[in-house]
There are 2 protein chains.
Amino acid sequence: MSGGGYMHVLAFDIYGTILDTNTINVGLQSLLDIGEQKSTEICLLWRRYQLEYTWRLNSMGIYEPFDVVTSRAIEHALAEHGIKFDERKIVQIMAAYNRLQEFDDAAPAMQELRKLPNIEIVIFSNGTEDMVTKALQVDSLSTLTKRMFLADAAQTYKPSRAIYDGLVRHVNEGASQPVAADHVWLVSGNPFDVTGARSAGLQAIWVDRSSSGWIDRASRFEPTKVVQSLGEVVEFVRSL
Amino acid sequence: MSGGGYMHVLAFDIYGTILDTNTINVGLQSLLDIGEQKSTEICLLWRRYQLEYTWRLNSMGIYEPFDVVTSRAIEHALAEHGIKFDERKIVQIMAAYNRLQEFDDAAPAMQELRKLPNIEIVIFSNGTEDMVTKALQVDSLSTLTKRMFLADAAQTYKPSRAIYDGLVRHVNEGASQPVAADHVWLVSGNPFDVTGARSAGLQAIWVDRSSSGWIDRASRFEPTKVVQSLGEVVEFVRSL
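Residues numbered from 1 in each chain as written. Chains lettered and ligands numbered in written order. Predicted model: local features only at pLDDT ≥ 70, side-chain atom pairs only at ≥ 80, totals over all residues. Heavy atoms only, no water.

**Observations regarding the relation of the copies chain A and chain B**
The operation relating the pair of chain copies consists of a rotation about an axis and a translation along that axis.
Point 1. Note on the identical chains: chain A maps onto chain B by a rotation of 180° and an axial translation of 0.0 Å, with an RMSD of 0.0 Å. Given the turn and translation reported, the copies of this chain are related as if by a two-fold rotation axis. Proximity to the rotation axis, assessed at the C-alpha, singles out Trp-55 of chain A in chain A; its C-alpha lies 2.7 Å from the axis.
Point 2. The share of interface residues of chain A whose copies in chain B are also at the interface is 100%, consistent with both copies meeting through the same surface. (Least-squares fit on C-alpha atoms with pLDDT ≥ 70 in both. Contact = heavy atoms within 4.5 Å.)

See the structure below:
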């Protein structure tokens, strides 16, 4: 907000962008007493049902908090693999989910971004406040939780139009100058999030960590910018 | 509508219920010159993206016809597998999709259901009129296309609340007596369809062809009735 330039807001997605959802793998192996391959399959299925559930609930016009959705999704994945579980086991797995490891480039990138003028950072996630706060409680990331816009506030999940509109309203609350939607930059590793933001008039930086290239064809919308790491986000934002 | 009893409407889903989406497999193998395993993986991924896209579009408040969604989904699946394609190839694959095989129990079940009094049959599908008409043009099923309620009419996909409400309005158009939502029975092999119908106040018969049992946990909604085949649907409907 200082200086003469226009302010840009960076709205960071968490799961799959700052936090590596695959790092639950090791925890799952010991909690369920299974091997790495089985654990990897269950992780992928868990993530898939987690997202599927959010989109189906959006379609049905129903909202339930992300911790409920996430625990139901792991139950579905375990049942599909014929793995028995009880409530205690699910609580343990959910606790492990709140200790996901961050990607290596997350903390350094945040440190650099905080130094830049005219840049504000907001956490923008499907997760509940409790989940996000616990997941980001490592020293290098905990200050991020000062400013968050979460699905609970919009009572709907990404990529619902309402959650992106809600984000834009949120960043304008108490701002010294209005921030237009096209000065709000989603930073996300998730294509469904990127197309959702773009369709709502926001900008979007897609973090293509596996360098797979943009092959999503759900809609005509594409990222404003593609990067391979959060470090590259810093370089790009400096050029704004 | 004859006799003294209340009328019940059976709203049949097509893809995954009457038509076996896995039967595209053989066609894909020859069109793409790939082996059975690769073809199976691509089929599953194609179906996954097809559904993912419909749910994401629902969330974004965007509607595009199912043939567009389906062809984009195969492009995504092929790109992910590093398989090159051009427009001509996609047209050929889509033509094969319109020749999906019906499940063996579909034609005999329809024949029996048509004999029952107080039972009306409606086709209820995400597919376009062109897709559905082509897919059902085998002798034993073609009369089904006389009465259809398709996503195009609601401009939204399953499990959007609006498509189930639209179905109930549709079955009441020109009916000699009003048909309440709880006398409309979805028949579907797709859990997302079943929960969508139930959340909108309809009844739902889930066709669990693989006898996996109900493990879907997206919501608190469950099927009214679970069967393993369309033959069992006939038995159940006789008891209504």
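**Here's the deal with the sheet that holds strand 2 (residues 119-125) of chain A**
Residue and element names in this part refer to chain A.
Point 1. Taken together, the 6 strands give an open sheet; going across it, the order is 3-2-1-4-5-6, and neighbouring strands pair in parallel fashion. Only two strands of the sheet have a single neighbouring strand rather than two, namely strand 3 (148-150) and strand 6 (225-227). Sheet twist, expressed as the mean angle between neighbouring strand axes with direction ignored, is 25°.
Point 2. With 3 bridges joining them, strand 5 (residues 203-207) and strand 6 adopt parallel strand pairing. When the sheet's bridge partners are listed, Ile-205 is paired in strand 6 with Lys-225. (Pairing = 2+ DSSP bridges. Helix = DSSP H or I, 4+ residues; strand = E, 2+ residues; numbered from the N terminus. Axes fitted to C-alpha atoms, helices over the stretch in contact; angles between N-to-C directions.)

**Some points on the packing of aromatic side chains**
Point 1. The tally for this structure, following the rule as stated, stands at 22 aromatic pairs over all chains.
Point 2. On the basis of an interplanar angle of 65° and a centroid distance of 5.6 Å, the ring pair of Phe-124 of chain B and Tyr-164 of chain B is categorised as edge-to-face. With a gap of 40 residues between them, Phe-124 of chain B in strand 2 (residues 119-125) and Tyr-164 of chain B in helix 8 (residues 161-172) connect regions that are remote in the sequence. Here Phe-124 of chain B matches Tyr-164 of chain B in class, with each residue buried.
Point 3. By way of ring pairs, the aromatic residues Tyr-15, Trp-46, Tyr-63, Phe-66, Tyr-97 and Tyr-157 of chain A are connected into one cluster.
Point 4. The residue whose ring lies beneath Arg-209 of chain A is Phe-103 of chain A, and the NZ or CZ to ring-centre distance is 3.7 Å. (Phe/Tyr/Trp six-rings, centres within 6.5 Å; stacked < 30°, edge-to-face > 60°. Buried < 20%, exposed > 50% of the residue type's maximum accessible area, 1.4 Å probe, protein only. Lys NZ or Arg CZ within 6 Å of the ring centre and 35° of its normal.)

**Some remarks on the environment of Leu-44 of chain A**
Point 1. Mapped onto the elements, Leu-44 of chain A comes out in helix 2 (residues 36-60).
Point 2. Given a relative accessible area of 53%, Leu-44 of chain A falls into the exposed group.

**Points about the domain arrangement of chain A**
All names here are of chain A.
Point 1. If you check the domain split of chain A, you get domain 1 (8-19 + 101-238) and domain 2 (21-97).
Point 2. Its C-alpha centre places domain 1 at a distance of 24 Å from the equivalent point of domain 2.
Point 3. At the junction of the two partners, domain 1 supplies 18 residues and domain 2 supplies 16 residues.
Point 4. Summed over both partners, the interface of domain 1 with domain 2 comes to about 1400 Å²; 62% of that surface belongs to carbon and sulfur atoms.
Point 5. A per-residue breakdown of the area domain 1 buries against domain 2 is headed by Tyr-15, Met-131 and Tyr-157, which together make up 43% of the total.
Point 6. The tally of links between domain 1 and domain 2 comes to 0 salt bridges.
Point 7. Here domain 1 is connected to domain 2 by 9 residue pairs in polar contact (both at pLDDT 80 or more).
Point 8. For the side of domain 1 that touches domain 2, the residue count by class is 7 nonpolar, 9 polar and 2 charged. (Domains from an automatic or database assignment. Buried area = accessible area lost by both parts, 1.4 Å probe. Salt bridge = Lys/Arg side-chain N within 4 Å of Asp/Glu carboxyl O. Polar contact = N/O pair within 3.5 Å; in protein donor to acceptor, adjacent residues only side chain to side chain. Nonpolar A, V, L, I, M, F, W, Y, C, P; charged D, E, K, R; others polar.)

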